[in-house]
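Chain by chain, the residues run as shown.
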Amino acid sequence: MNIVVVGGGTKGKFGYDFLQLSELEGHNCYNFSYRDTDVDKIVSKFKATIPEHIDIMVYNSNRGSYPFWAETDYQKNCKINLSAYYDTLKVHVAIPHALCLEAFQNMDNTSKIVFMTAGSSMQFDRDYNTSDCGYAGGKAWQNHLMLELAQNNNLGITISSISPHFEYGEKEYKNVFTKVYNHIIYHNKDVNGKIIKYGE
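Structure report, in brief. Just so it is clear, the structure is predicted and the values come from calculations on it, not from any experiment.

All right, on to the nonpolar core then. Phe46, Met57, Leu99, Ile113, Phe115 and Ile159 are the most contacted members of the largest nonpolar core, which totals 27 residues. Only β1 (2–6), α2 (39–49), β3 (56–59), α4 (82–104), β4 (112–116) and α5 (133–152) provide two or more residues apiece to this core. With seven residues, α4 is the largest single contributor of residues to this core. Beyond its immediate stretch of four places on either side in the chain, isoleucine 159 contacts Phe104, Ile113, Phe115, Met146, Leu149, Ala150, Asn153, Val191, Asn192, Gly193 and Lys194.

Structure (structure tokens):
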């Protein structure tokens, strides 16, 4: 299959490991990353990178996390950073939306798109990362983007989110990684518009 991963990451992280195993199993893999903040330039670079037909696209970027710090973002005398808000919105919503629309040009009803999101986007009673509004909120919006794309794309593309929780002890990570990898490669249309959880 032709697999496009946005955000291949570094060794020891999911995106990198997913690409390595996919290539080992004989898939044609395309790793796309971006640092530019201009959406049109990102889309143009993406268009030049992707194959003529895309079987699976995985959006795996986890940059963009504002507001984040309790002491500088939520307390008396703090001020908001509007530019950082915009950057968070771009990474989690605007850019994946734009890349999906471009990817549609090279997809059909056998194709799949998977968003790597986060449990914190749905957990309002959590006691961890409680200051990280940007990441959790960005991923929440990304889940809503996934739902609307899944229900309204006119090509029959299967679109879903995965919300994995990775513990980076070797055994724990490998267990969750294997489940997530197999899901991405083998899932069917039954998961269209759904958020799948692993490791939580």
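Before going further, it helps to spend a moment on the environment of histidine 187. Relative to the elements of secondary structure, histidine 187 occurs in the loop between α6 (170–186) and β6 (195–198). You can call histidine 187 buried: its relative accessible area is 6%. The spatial distance from the C-alpha of histidine 187 to the C-alpha of serine 160 is 9.8 Å, given a sequence separation of 27 residues. Dropping the residues within four chain positions of it, histidine 187 is found in contact with Lys112, Val114, Thr158, Ser160 and Asn182. Within the structure, histidine 187 has its side chain in polar contact with the backbone oxygen of histidine 183 (distance 2.8 Å). A polar contact of 3.1 Å, which involves the side chain of histidine 187, links it to the backbone oxygen of isoleucine 184.

On to unusual backbone geometry. Note that the residue after tyrosine 66, namely proline 67, is joined by a cis bond; omega there is 0°. With respect to the helices and strands, the residue proline 67 is situated in the loop between β3 and α3 (70–73). Positive phi values are uncommon outside glycine, yet asparagine 77 reaches one of about 75°. Among the secondary structure elements, asparagine 77 is positioned in the loop between α3 and α4. Residue classification places asparagine 77 among the exposed residues on the basis of a relative accessible area of 71%.

Counted by the stated rule, this structure contains 10 aromatic pairs. Judged by centre distance (5.0 Å) and plane angle (85°), the rings of tyrosine 66 and tyrosine 85 are edge-to-face. In this pair, tyrosine 66 is assigned in the loop between β3 and α3 and tyrosine 85 in helix α4, connecting sequence segments 19 residues apart. Tyrosine 85 sits in the partly exposed class, given a relative accessible area of 34%. Members of the aromatic cluster, joined through ring pairs, are Phe14, Phe18, Tyr173, Phe177 and Tyr181.

Time to look at the pairing of strand β2 (residues 28–32). Every other side chain in a regular strand lies on the same face of the sheet, so the side chains alternate between the two faces. The pairing of β1 with β2 spans five bridges and is parallel. Counted as the bridge partner of valine 4 is tyrosine 30 from β2.

The next subject is the side chain of aspartate 132. Tracing the backbone shows aspartate 132 in the loop between β4 and α5. Those residues in contact with aspartate 132 that lie beyond four places of it in its chain are Ser65, Pro67, Phe68, Tyr74 and Arg126.

Conventions adopted
One numbering rule holds for all chains: residues counted from 1, following each sequence as written. With pLDDT at 70 or above as the cut-off, local features in this predicted model cover only qualifying residues; side-chain atom pairs require 80 or more to be listed or tallied, and sums for whole chains, interfaces and linings still use all residues. Remark: hydrogens and water are excluded; side-chain values derive from all non-hydrogen atoms of the structure. The set of buried Ala, Val, Leu, Ile, Met, Phe, Trp, Tyr and Cys residues whose side-chain atoms join them within 4.5 Å is what this entry labels a nonpolar core. A simple rule labels every residue: compare its accessible area, found with a 1.4 Å probe on the protein chains alone, to the largest value its type can have, and call it buried under 20%, exposed over 50%, or partly exposed in between. In this description a helix means any DSSP run of H or I spanning at least four residues, a strand means any run of E spanning at least two, and both kinds are numbered starting from the N terminus. A contact between two residues is defined here by any heavy atoms of the two lying within 4.5 Å. Whenever a nitrogen or oxygen atom comes within 3.5 Å of another N or O atom, the pair is scored as a polar contact, on the condition that within protein one atom can donate a hydrogen and the other can accept it, and that pairs from neighbouring residues in sequence are kept only if both atoms are in side chains. Aromatic pairing here means that ring centres of Phe, Tyr or Trp (its six-membered ring) are within 6.5 Å. Orientation follows from the plane angle: under 30 degrees is stacked, over 60 is edge-to-face, and everything else is tilted. Any two strands are treated as partners once DSSP identifies two or more bridges connecting them.

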